[in-house]
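These are the residues of each chain, in order.
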Number of protein chains: 4
Amino acid sequence: MLVLMRSDAAPEEIEAVIKHIRERGFEPVRLPGADRTAIGVLGTNPAATLRDMVMNLPGVQDAVPVSKPFKLVGREWKAEPTVVEIGHLRLGDGKSFVIAAGPCAVESEEQIMSSAAAVKAAGAHILRGGAYKPRTSPYAFRGMADEGLRLLAQAGKANGMPVVTEVMNVSDVEAVASHADMLQIGARNMQNFALLEEVGRTRKPILLKRGMSATLEEWLLSAEYVLNQGNPNVVLCERGIRTFETYTRNTFDLSAVPAVKELSHLPIMVDPSHGTGRWSLIPSMAMAGLAAGADALMIEVHPSPADAYSDGAQSLRPDRFATMVEGLRSLAVALGRTL
Amino acid sequence: MLVLMRSDAAPEEIEAVIKHIRERGFEPVRLPGADRTAIGVLGTNPAATLRDMVMNLPGVQDAVPVSKPFKLVGREWKAEPTVVEIGHLRLGDGKSFVIAAGPCAVESEEQIMSSAAAVKAAGAHILRGGAYKPRTSPYAFRGMADEGLRLLAQAGKANGMPVVTEVMNVSDVEAVASHADMLQIGARNMQNFALLEEVGRTRKPILLKRGMSATLEEWLLSAEYVLNQGNPNVVLCERGIRTFETYTRNTFDLSAVPAVKELSHLPIMVDPSHGTGRWSLIPSMAMAGLAAGADALMIEVHPSPADAYSDGAQSLRPDRFATMVEGLRSLAVALGRTL
Amino acid sequence: MLVLMRSDAAPEEIEAVIKHIRERGFEPVRLPGADRTAIGVLGTNPAATLRDMVMNLPGVQDAVPVSKPFKLVGREWKAEPTVVEIGHLRLGDGKSFVIAAGPCAVESEEQIMSSAAAVKAAGAHILRGGAYKPRTSPYAFRGMADEGLRLLAQAGKANGMPVVTEVMNVSDVEAVASHADMLQIGARNMQNFALLEEVGRTRKPILLKRGMSATLEEWLLSAEYVLNQGNPNVVLCERGIRTFETYTRNTFDLSAVPAVKELSHLPIMVDPSHGTGRWSLIPSMAMAGLAAGADALMIEVHPSPADAYSDGAQSLRPDRFATMVEGLRSLAVALGRTL
Amino acid sequence: MLVLMRSDAAPEEIEAVIKHIRERGFEPVRLPGADRTAIGVLGTNPAATLRDMVMNLPGVQDAVPVSKPFKLVGREWKAEPTVVEIGHLRLGDGKSFVIAAGPCAVESEEQIMSSAAAVKAAGAHILRGGAYKPRTSPYAFRGMADEGLRLLAQAGKANGMPVVTEVMNVSDVEAVASHADMLQIGARNMQNFALLEEVGRTRKPILLKRGMSATLEEWLLSAEYVLNQGNPNVVLCERGIRTFETYTRNTFDLSAVPAVKELSHLPIMVDPSHGTGRWSLIPSMAMAGLAAGADALMIEVHPSPADAYSDGAQSLRPDRFATMVEGLRSLAVALGRTL
């Protein structure tokens, strides 16, 4: 951290700040400058708390945290990439490109069975489908719950696909973990710390979606909560952030792919369905995601989007999904990746 | 909702959309225009789902939801303001200006007792203090939990002040409700729907903070979750939204005060401590909050901010808090309000 | 600036960075830490360029600029507040609260004469009105140009009010300066540097609106362009920034008032008409602006908002404006200010 | 446009709004609903002004513009893609992928000559380089002006490459147009309407960068200003938007590529140098840009980024640029594109 003193700070004020920092167990270094004195603070990671501790002292103008606050998820601390395995699938090995697809929500046995068959036929590897749905309005369709879980698992089994589904509450983790091969933490729960720790106590692969307004640093710190409980199997998922643009549902931050790769060893998936919110933009952004270096892709597919209970506007019809996967296949070859 | 057809949409495409809408139980009205045909959809609130249902149909360019999706919290459905009572305090009566103050977190018996005495002496009405703290990093101080709850309640009692504290997990609601007079839902949990419903099943006053990237509409819909469970005692709390500006911790959206007043009948509190993140800006923004028409104010006060475990940079020293309350008192008189 | 080396940076890489900085005339200080080495750079203001110079060197993880890059506008370099005089009005003296009001655009002689008379009667001090209008669409009304200037000046004179109007192009500065008492630089031109320098060469009071996505630092640096040409008469104007919220046209960042006051000695005006975009929210936010410590206020008033060529949704009717000014008057008394 | 009446609006209020709209020459259609009456307004494009005209009328709750306000740039009005030719290069033909590269600014004859030779050798088609530089601070390097223009043109000629450079002021358009093959309008000038119209009066290819906080609609309307003056040769350039994320300089909105393609017939270039602000992220995002369907790419390359006067952190070294172009070449083959 760097503490900036005001240009008119008195020598006693500077001394007092140095003393304050030292008393809290950190090592301050005085940096006299032309305009002002700055004080560097060495050592690991005191940033956030220490900033709070000096900002109220007389003569202090600002305090700037500089070091990265994460450990277990950091590339600096573990250089080799983490590979998360789901059955025979390997996310993060630098070679595979894994596709998860399926409807936003499980709506009926017929719907999930037909979705599963369609995405399997087109080349998807993992079946997705929501049983518990977070909804902005209490009056919207909120999923089939346990029955949805059961149907999803059945559809996965029937088509030889592992399944991923969202878990929203600590009390549901056990049930979801017993039916699903991968547990999704949704964007709204990225900072539900009790839930992060609960899934951290399982050894299941976790799909951690980026919060709507989360910085990369905050997102990685949420992953740190999971790893810190002993579960190293975290896949990050970029799904768009909230900005002023309204044509797209979110702003799909694809730069997060190479950025996460340089900051962390964890695999990253991209979700252009939520990232754009418009089915017409999804194929282009799926191609872009693969080219940017993502390890995996999540796509919402519905047998009849115009009848979907949710997310119809961003769901692909099965035929369009199949065409898209064909495009990804040729791209993968050029990039030395395998689908 | 208004469905916009493409300017080159075929008549059959227009017919198909009209039929699709009608089959789902809504009434479509054709609106021919110079450039294109639009289709209006009448009736209450089908917006989000219906938009999803038409966006994939051929010839559709866009679908624009127009009606407000909330009911119980809406000013249109209940014109008179809701007054939330906490002991003899009345939030939302248009007259009282209620001040909640105290440290970010309960850190020790001595710290919370001295904080309580100081804010009481200065004129605060409610004591705040965190027992369970949501922290971005798993390595930061996360509160004293049950012991913190107990100490907070004790400090409130000793000074004759009701207390407010955050509840983060469904499983803690009962314990927190047994010690606190008002339950706070933090910004990160604004869309933790299970938690909203759980506090909705109590009859305690709920302080619902606005999420970091929540629109007014989403915030009000979260309140709707609470009211929908039968608990009408919700106070909204504006605490800043996330934008590109970095000088302040958040961007304190004071316009939310009159905006919420025209959209809803619920009372609104403002929190300039989180809203700005800098103690030096807090007094001006507290004055502004009162002048904007807020019903209540929340301020972080710490006996020694430079020693706080968290939020020191945005905590006022007791003497500065007392000076600020003096300023608010004269302002209140001019506005016909009482402190 | 603080340069952070990677934790695995080789000693030669650290030496090379130190040498690179020293060769460019700055003084580097080595700060060894537990995890990594950091390098502090002393002296005034090399931040932006120097950061660029080291980011490509091997072993560098990041470089964080820390000092404030402005001089002439900075409170640190000139502690006493600047007072900008317009006739007998004094903006920034800590006492006066100055109100500029009038229509978005001059639309006709009758409209501007009646607007001027109405706002004068209600208590406004300065008449505003656009002659050149920046419009997002080329097909919208773009102002009456020279004729508008002439009519505005005439209406000001007839009512004994100085006038403020926007200048959009370098080539118009002379003409606008000959008719107007204060020149406005609009939000879209906040970084039109040639225009800033041109108005910097006049000695007219300049009203510098904050850009839609400008940080406080960028805004103050734009003011620095004007002062740097010798014109110290700059008034800053907060008019809302662009965020994800759509209920309001912009997010009115009132914290900018105390923040600018601590960073700079320049006066600040607030514009809740553009800040909120909804007439119903303006009176509350004008009150809040005064309470937050603003030096002045700008309000759009139109004799018949429903007939305005632009900004009707955010224009007050004269009677509502008059009521609002009454409210401001009592508030000013309580705050020791004068209207 | 759709006007929403309050649920408690009186019949006379509804009549008054209908009359008001009709008197202004538009055709209102009454849409009675369960909760409230809405009023649809037919016809082309009255949106913005008309909204302003009704928002102040009694009983109106909101007014929602729905139609797209652009004409000349719209895909609906011209289905076939526009191809912009620069010499033998064809931007927008669906086949070519054109690369513009070079330093942020022309710094010296030696620097631009060596840059040009290097990017040419690596496979770039167009030489970029700034002669007039918009800089946030008045104290930063602002370009070599006329001398820079001359050197850029010379370097282009020597290497057989057309050149693109930014024009910032109306008064410089003629000079820049006489040296450059393509005129760039920078992000800060995207709404400098006089400048847009001035370059619209030339017939030169125009590279129109997206403003830092511009919506797609505003960006396309700025292009409309150019086309409206008779110059159809506009290439749009996505260069990142401003969000809360700070790890990257901007948030590179790649979804803009397919979005612009569905809204407009104009070609689109992507600039990952400004889009990310970090050289290490550029190659991945260039690949992503090609895969997303962009027509062209702009990359900052400097012979020695650590010595650059500006943008060193986001400039590639020539060897890294060459490696990147190799990657793009194989990708292009797989996509049926040619470099």
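Just above, that's the structure.
Residues numbered from 1 in each chain as written. Chains lettered and ligands numbered in written order. Predicted model: local features only at pLDDT ≥ 70, side-chain atom pairs only at ≥ 80, totals over all residues. Heavy atoms only, no water.

*Asks:* I keep staring at the pattern of salt bridges and nothing clicks. Help me out?
*Replies:* Opposite charge on two side chains lets them pair, provided their charged atoms get close. Overall, the coordinates contain 88 salt bridges over all chains when judged by the stated rule. Put simply, Asp 62 of chain D and Arg 278 of chain C hold a salt bridge, and the shortest N to O gap is 3.0 Å. One end of the pair, Asp 62 of chain D, is in strand β4 (residues 60-64); the other, Arg 278 of chain C, is in the loop between α9 (272-276) and α10 (282-292), on a second chain. No difference in accessibility class separates Asp 62 of chain D from Arg 278 of chain C, as the two residues are buried. The shortest N-O distance in the salt bridge between Arg 210 of chain D and Glu 238 of chain D comes to 2.8 Å. (Salt bridge = Lys/Arg side-chain N within 4 Å of Asp/Glu carboxyl O. Helix = DSSP H or I, 4+ residues; strand = E, 2+ residues; numbered from the N terminus. Buried < 20%, exposed > 50% of the residue type's maximum accessible area, 1.4 Å probe, protein only.)

*Asks:* When you look at the nonpolar core in this model, what are you seeing that I'm missing?
*Replies:* Soluble globular proteins tend to pack their nonpolar side chains together in the buried interior. Counting 309 residues, the largest nonpolar core has Phe 321 of chain A, Phe 321 of chain B, Phe 321 of chain C together with Phe 321 of chain D as the members making the most contacts within it. Residues contacting Phe 321 of chain D, with those up to four places away along its chain left out, are Ile 99, Ala 101, Val 119, Ala 122, Ala 124, Ile 299, Val 301 and Leu 316 of chain D. (Core = buried A, V, L, I, M, F, W, Y, C linked by side-chain atoms within 4.5 Å. Contact = heavy atoms within 4.5 Å.)

*Asks:* How should I be thinking about the interface of chain C and chain B in this particular structure?
*Replies:* By a widely used convention, the size of an interface equals the accessible area lost when the partners come together. The interface of chain C with chain B comprises 37 residues on the first partner and 37 residues on the second. Each partner contributes to the roughly 2800 Å² buried at the junction of chain C and chain B, and carbon and sulfur atoms together form 69% of this total. Linking chain C with chain B are 2 salt bridges. Between Glu 245 of chain C and Arg 210 of chain B there is a salt bridge, and its shortest N-O distance comes to 2.9 Å. In this structure, the connection of chain C to chain B is made through 8 residue pairs in polar contact (both at pLDDT 80 or more). Residue assignment for the side of chain C that touches chain B shows that the elements contributing at least two residues are α8 (256-263), α10 and α11 (318-334) of chain C. For the side of chain C that touches chain B, the leading source of residues is α10 of chain C, giving 6 residues. Considering only residue class, the side of chain C that touches chain B consists of 20 nonpolar, 10 polar and 7 charged. (Buried area = accessible area lost by both parts, 1.4 Å probe. Polar contact = N/O pair within 3.5 Å; in protein donor to acceptor, adjacent residues only side chain to side chain. Nonpolar A, V, L, I, M, F, W, Y, C, P; charged D, E, K, R; others polar.)

*Asks:* It is not clear to me how the sheet that holds strand β11 (residues 206-209) of chain D should be interpreted in this structure. Could you clarify?
*Replies:* All names here are of chain D. If you walk around this closed barrel you meet the 8 strands as β7-β8-β9-β10-β11-β12-β13-β14, and the pairing is parallel. Recorded for the sheet is a direction-independent mean angle of 25 degrees between the axes of neighbouring strands. Relative to strand β14 (residues 296-300), strand β13 (residues 268-270) is paired through 2 bridges, and the arrangement is parallel. From the neighbouring strand, Met 269 faces β14, where its bridge partner is Ala 296. Against the sheet, helix α6 (residues 193-200) touches β10 (182-185) and β11, its axis set at about 170 degrees to β10. (Pairing = 2+ DSSP bridges. Axes fitted to C-alpha atoms, helices over the stretch in contact; angles between N-to-C directions.)

*Asks:* Would you explain the sheet that holds strand β14 (residues 296-300) of chain C in this entry?
*Replies:* Residues and elements named next belong to chain C. The 8 strands are arranged β7-β8-β9-β10-β11-β12-β13-β14 in a closed barrel whose pairing can be described as parallel. For this sheet, the mean angle separating the axes of adjacent strands, direction not counted, is 25 degrees. Taken strand by strand, helix α3 (residues 109-122) contacts β7 (98-102) and β8 (126-128), and its axis lies near 145 degrees from that of β8.

*Asks:* Would you mind going over the interface of chain A and chain B with me for this structure?
*Replies:* Taken together, the contact between chain A and chain B spans 53 residues of the former and 53 residues of the latter. Buried surface at the junction of chain A and chain B, summed over both partners, amounts to about 4400 Å²; 45% is from carbon and sulfur atoms. Joining chain A to chain B, the criterion identifies 8 salt bridges. Run the count over chain A and chain B and you get 35 residue pairs in polar contact (both at pLDDT 80 or more). For the side of chain A that touches chain B, the secondary structure elements donating two or more residues are α2 (47-54), β4 (60-64), α6 (193-201) and α7 (216-227) of chain A. Residues that form the side of chain A that touches chain B fall into these classes: 21 nonpolar, 15 polar and 17 charged.

*Asks:* Is there a simple way to explain the pairing of β4 of chain A in this structure?
*Replies:* Side-chain positions along a regular strand alternate between the two faces of the sheet. Residue and element names in this part refer to chain A. Most of β4 is tucked away: 5 of the 5 residues are buried. Both strand β1 (residues 2-5) and β4 contribute to a ladder of 4 bridges, which runs antiparallel. Residue pairing for β4: Leu 4 is matched across the bridge by Asp 62.

*Asks:* Would you mind going over the relation of the copies chain C and chain B with me for this structure?
*Replies:* Between the two copies, chain C and chain B, the superposition gives an RMSD of 0.0 Å; the rotation angle is 180 degrees and the shift along the axis is 0.0 Å. As the rotation angle and translation indicate, the two copies are arranged about a two-fold axis. Of the C-alpha atoms belonging to chain C, the one lying closest to the rotation axis is found on Ala 288 of chain C, 2.1 Å away. A share of 100% of the interface residues of chain C reappears at the interface of chain B, consistent with the copies meeting face to face through the same patch. (Least-squares fit on C-alpha atoms with pLDDT ≥ 70 in both.)

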